[in-house]
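Below are the chains, spelled out letter by letter.
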Amino acid sequence: MQNVMTAPILERVQASLERLGANPDWPAIVLEIPPRPEMGDYAFPCFQLAKHLRKPPAAIAADVAAGIGSAPWLERVEVVGGYVNFFLNRGEGAKRVVETVLQQGDAYGAASVGAGKRIVIDFSSPNIAKPFHVGHLRSTMIGHSLARIFETLGYDVVRLNYLGDWGTQFGKLIVAYRRFGTKEEVEANPIQSLLDLYVRFHKEAEEDPALEDEARAAFRALEEGREEETALWRWFRELSLAEFEKQYHRLGVHFDSYTGESAYNEKVKETVAALQQSGIARESEGAWIVELDGLPPCLIQKKDGATLYATRDIAAAIDRYETYGFTHLLYVVGAPQQLHFQQVFGVLARMGHTWVDRLEHIPFGQVRIGDEQLSTRRGNVVFLEDLLDQAVERASRIIEERNPGLEEKRKVAEAVGVGAVVFSDLFHNRIKDISFDWESVLNFEGDTGPYVQYTHARAASLLRRAESERGLKEPYGVEAAHLSDGESFELAKRIAAFPEVVGSAAANREPSEIARYLIEVCHGFNSFYHARRILGSEGESSRVALVAAVKQVLARGLYLLGVAAPEAM
């Protein structure tokens, strides 16, 4: 995860600090980017070293600077207050970055820090017999992006889709189907029909509360394994999975396991028995709970004998550790479930599972369409399929207006429309709520997916012209003198940061860092594109090489987000 532009600076600073007596207790070396170019390209702040060296920061900065020495890549070093400011030889720095990116290709930004380590990611997890709506997109794409990011860093990644395929809602659905549904209607349009039945059940139950008792009885029959209820449940599950797979295929998402809550029915019984026998759980008004320090008690079994989500998650975590022996297990689940996971992790800790510190809840905010919050029970959901269809249609109209002669317009429109929705979702810090707005999502000039895709396509177009009109193709000749201008250097400086951004996105479990970084690269590229002549210039080979490096970084960054990178738009 080295930044090829800052790596030699860090090496010189480290060597200088070692001469001053540095030891592992000293703060890590961190470079900053000065607020103004005339202050340097990078700066090393010395304030945190004052307590270790018992000197003023300015004196420490002078000592550090004295030990830096000279190098072809370094123009000069200046001390300003407590900062050591580095001015690079811009052409040499840009040349090194471009050559590194083009040499490494898709491996640029990759690392081996995860070698020998396994990360299990639990994400998406839609409920069987309910629509895959826009609210599911967040977990699906955050999890998908994190999986790709961690794979890039060398981790063995296991993708789990923990389906909501158990619970009292199936009793409700079974009753609704028996009373109001037909096989023909459900098979003709599975998800919509099942949703309509679910919504109708709740409306009818408001007038006839006895329906709730009937639903509970149906679920008990399912838990007991009765043939008719089990057959209906399996049918609902199969129909739902087939519909979900269509959306996953469209999004480019895949899973290694579709194990649902139902798979843990027996293990849940074993877990409850173990908690009871060990004395960790205690009876309370007929129910069983586990007391936790600083948290409300975790209810593991109701007084009627029914278990809860927490009980199943406890059993599932134990099974996953036994199955995968993970280094980390990430739960990409909405922020409202924070207390739930604190309780689950707390119970596992009380059970003596030393690996509980490997479990992480990765929370995220909610999605709103306008001011509407989504609720399946009320039926006011926006199906993801409909949202993507509309995005593709809007993208198609924009492409028709801008580039009617474009080849494979429908394929490009699919990439742009779906990519716009995904990028918009991942651009925001995951913990924030999102209000979906078409005007911003599909804006080709704003900080959006189409803007990044268009910039990538513009770079691809220029490379095609460079080859067809000028005979330029890889390996390009790169000369430092032709990359020493401000725009070229600043652009190279941005693409040099890609490995660090990937590492930071992984550490913070935050794909938005990559999305925002790509926007910065696009801004830098478009400034360079408009300020500097590329084809036909004296330094055209070097500048074309810089364009190729930018294209590589944009394509790889979009890949990590799960967004397509069209070659033409």
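The structure displayed is predicted, hence computed values, not measured ones.

## Remarks on the overall build of the chain
Line of reasoning, step 1. When its secondary structure is counted, the chain shows 21 helices and 13 strands.
Line of reasoning, step 2. Here the C-alpha coordinates of the chain stretch approximately 80 × 65 × 40 Å along the principal axes.
Line of reasoning, step 3. Accessible surface computed for the chain: about 25,200 Å², of which carbon and sulfur atoms make up 46%.
Line of reasoning, step 4. Of the side chains in the chain, 63 bear a positive and 80 a negative charge, and the two mean positions are spaced by 3 Å.

## Points about the nonpolar core
Line of reasoning, step 1. Grouped together as the largest cluster of nonpolar side chains are 151 residues, with contacts concentrated most on Phe-44, Ile-121, Phe-236 and Ile-495.
Line of reasoning, step 2. For this core, the element with the highest residue contribution is helix H21 (residues 540–561), accounting for twelve residues.
Line of reasoning, step 3. Every residue in contact with Ile-495, bar those within four places of it in the chain, is listed here: Val-97, Val-101, Tyr-108, Tyr-517, Val-521, Leu-546, Ala-549, Val-550 and Val-553.

## Some thoughts on a negative patch on the surface
Line of reasoning, step 1. Taken together, Glu-184, Glu-185, Glu-187 and Asp-196 make up a surface patch of like negative charges.
Line of reasoning, step 2. The dominant element in the negative patch, judged by the number of residues it contributes, is helix H7 (residues 183–188), at three residues.
Line of reasoning, step 3. Summarising the element assignment, Glu-184 is placed in helix H7.
Line of reasoning, step 4. Relative accessible area serves as the criterion here: at 60%, Glu-184 is assigned to the exposed category.

## Comments concerning the sheet that holds strand E2 (residues 74–80)
Line of reasoning, step 1. Spatial strand order, E1-E3-E2: three strands in an open sheet with antiparallel pairing. Either end of the sheet is taken by a strand with one partner, and the two such strands are strand E1 (42–45) and E2. Each neighbouring strand pair of the sheet contributes to a mean axis angle of 20°, computed without reference to strand direction.
Line of reasoning, step 2. Bridge analysis of E2 against strand E3 (residues 83–88) gives six bridges, and the strand direction is antiparallel. From the neighbouring strand, Glu-78 faces E3, where its bridge partner is Asn-85.

## Structural notes on the side chain of Thr-271
Line of reasoning, step 1. Turning to its location among the elements, Thr-271 is positioned in helix H11 (residues 265–278).
Line of reasoning, step 2. Look at Thr-271 and you get buried, because its relative accessible area is 7%.
Line of reasoning, step 3. Once you skip the residues sitting within four places of it in the chain, Thr-271 turns out to touch Ile-314, Ala-315 and Met-351.

## Some details on the packing of aromatic side chains
Line of reasoning, step 1. Applying the stated criterion across every chain yields a total of 25 aromatic pairs.
Line of reasoning, step 2. Linked through ring pairs, Phe-123, Phe-132, Phe-244, Tyr-248, Phe-255 and Tyr-258 together constitute an aromatic cluster.
Line of reasoning, step 3. Positioned above the aromatic ring of Tyr-529 is the side chain of Arg-458, whose terminal nitrogen or guanidinium carbon lies 4.4 Å from the ring centre.
Line of reasoning, step 4. The positively charged end of Arg-516 is found above the aromatic ring belonging to Phe-427, 4.1 Å away from the centroid.

## Details of helix H10 (residues 227–251)
Line of reasoning, step 1. Taking 1.5 Å of rise per residue, the 25 residues of H10 would be expected to cover 36 Å, and the 36 Å separating its terminal C-alpha atoms lies within 8% of that figure.
Line of reasoning, step 2. Phi turns positive one or two residues past the end of H10, at Gly-252, with a value near 75°.

## Quick notes on the pairing of strand E8 (residues 295–301)
Line of reasoning, step 1. Of the pairings in the sheet, the one linking strand E7 (residues 287–292) to E8 comprises four bridges and is antiparallel in character. Residue Leu-292 lies in a different strand from E8, and its bridge partner there is Leu-295.
Line of reasoning, step 2. Between E7 and E8, which pair antiparallel in sequence order, lie two residues; one of them, Gly-294, sits at a positive phi of approximately 75°.

## Section: the sheet that holds E7
Line of reasoning, step 1. If you walk across this open sheet you meet the three strands as E6-E7-E8, and the pairing is antiparallel. In the strand order of this sheet, the two ends are held by strand E6 (281–284) and E8, each with one partner. This sheet shows a mean twist of 40° between the axes of neighbouring strands, independent of strand direction.
Line of reasoning, step 2. With four bridges connecting them, E6 and E7 associate as antiparallel partners. The residue bridging Glu-283 from the neighbouring strand is Trp-288, located in E7.
Line of reasoning, step 3. The strands touched by H11 within the sheet are E6, E7 and E8, with E8 carrying the most contacts at an inclination of about 120°.

## Observations concerning the environment of Asn-508
Line of reasoning, step 1. With respect to the helices and strands, Asn-508 occurs in the loop between helix H19 (498–507) and helix H20 (512–531).
Line of reasoning, step 2. Asn-508 sits 104 residues away from Pro-404 along the chain, and the two C-alpha atoms are 42 Å apart.
Line of reasoning, step 3. Setting aside residues up to four positions removed in sequence, Asn-508 forms contacts with Arg-430 and Glu-513.
Line of reasoning, step 4. Separated by 2.7 Å, the side chains of Asn-508 and Glu-513 make a polar contact.

## Looking at the confidence of the model for the chain
Regions with low pLDDT should not have their predicted coordinates read in detail.
Line of reasoning, step 1. In this model, the chain carries a mean pLDDT of 93, and residues with pLDDT of at least 70 account for 98%.
Line of reasoning, step 2. Across residues 374–379, where pLDDT falls below 50, the model places 24 contacts with residues more than four positions away in sequence or in other chains.

## Observations regarding the pattern of salt bridges
Line of reasoning, step 1. Counted under the stated rule, the structure contains 35 salt bridges.
Line of reasoning, step 2. Here Arg-237 ties to Asp-165 by a salt bridge, and the two come within 2.9 Å at their closest N and O atoms. You can see Arg-237 sitting in helix H10 and its partner Asp-165 sitting in the loop between strand E5 (156–160) and helix H6 (168–180), a full 72 residues away along the chain. Neither Arg-237 nor Asp-165 differs from the other in exposure class; each is buried.
Line of reasoning, step 3. Measuring nitrogen to oxygen at the nearest pair gives 3.2 Å for the salt bridge that ties Glu-229 to Arg-226.
Line of reasoning, step 4. By relative accessible area, Arg-226 is classed as partly exposed at 47%.

## A word on the packing of H6 against helix H8 (residues 190–207)
For any two helices packed against each other, one specifies the crossing angle of their axes together with the interaxial distance.
Line of reasoning, step 1. One can describe the packing of H6 onto H8 by two numbers: an axis separation of 9 Å at closest approach and a directional angle of 95°. Between H6 and H8, the angle is such that the two are roughly perpendicular. Facing Gln-169, Lys-172, Leu-173, Val-175, Ala-176, Tyr-177 and Phe-180 of H6, the residues of H8 in contact are Leu-194, Leu-197, Tyr-198, Arg-200, Phe-201, His-202 and Glu-204.
Line of reasoning, step 2. When its residues are assigned to classes, the contact of H6 with H8 shows nine nonpolar, two polar and three charged.

## What about unusual backbone geometry?
Line of reasoning, step 1. Cis geometry is found at the peptide bond from Glu-474 to Pro-475, where omega equals 0°.
Line of reasoning, step 2. Of note in the backbone geometry, Glu-285 takes a positive phi value of approximately 55° without being a glycine.
Line of reasoning, step 3. Mapped onto the elements, Glu-285 comes out in the loop between E6 and E7.
Line of reasoning, step 4. Residue classification places Glu-285 among the exposed positions, given a relative accessible area of 75%.
Line of reasoning, step 5. Positive phi is not limited to glycine here, since Glu-408 has a value of about 50°.
Line of reasoning, step 6. The topology assignment puts Glu-408 in the loop between helix H14 (384–402) and helix H15 (409–427).

Thresholds applied
Residues numbered from 1 in each chain as written. Predicted model: local features only at pLDDT ≥ 70, side-chain atom pairs only at ≥ 80, totals over all residues. Heavy atoms only, no water. Helix = DSSP H or I, 4+ residues; strand = E, 2+ residues; numbered from the N terminus. Areas by Shrake-Rupley, 256 points an atom, 1.4 Å probe, with all protein chains shown as cover. Lys, Arg positive; Asp, Glu negative; His and termini not counted. Charge placed at Lys NZ, Arg CZ, Asp CG, Glu CD. Core = buried A, V, L, I, M, F, W, Y, C linked by side-chain atoms within 4.5 Å. Buried < 20%, exposed > 50% of the residue type's maximum accessible area, 1.4 Å probe, protein only. Contact = heavy atoms within 4.5 Å. Patch = residues over 30% accessible without salt bridge, like charges linked within 9 Å, V, L, I, M, F, W, Y side chains within 5 Å. Salt bridge = Lys/Arg side-chain N within 4 Å of Asp/Glu carboxyl O. Pairing = 2+ DSSP bridges. Axes fitted to C-alpha atoms, helices over the stretch in contact; angles between N-to-C directions. Phe/Tyr/Trp six-rings, centres within 6.5 Å; stacked < 30°, edge-to-face > 60°. Lys NZ or Arg CZ within 6 Å of the ring centre and 35° of its normal. Expected span 1.5 Å × (residues − 1). Polar contact = N/O pair within 3.5 Å; in protein donor to acceptor, adjacent residues only side chain to side chain. pLDDT = per-residue confidence, 0-100. Parallel < 35°, antiparallel > 145°, perpendicular 65-115°, else oblique. Nonpolar A, V, L, I, M, F, W, Y, C, P; charged D, E, K, R; others polar.

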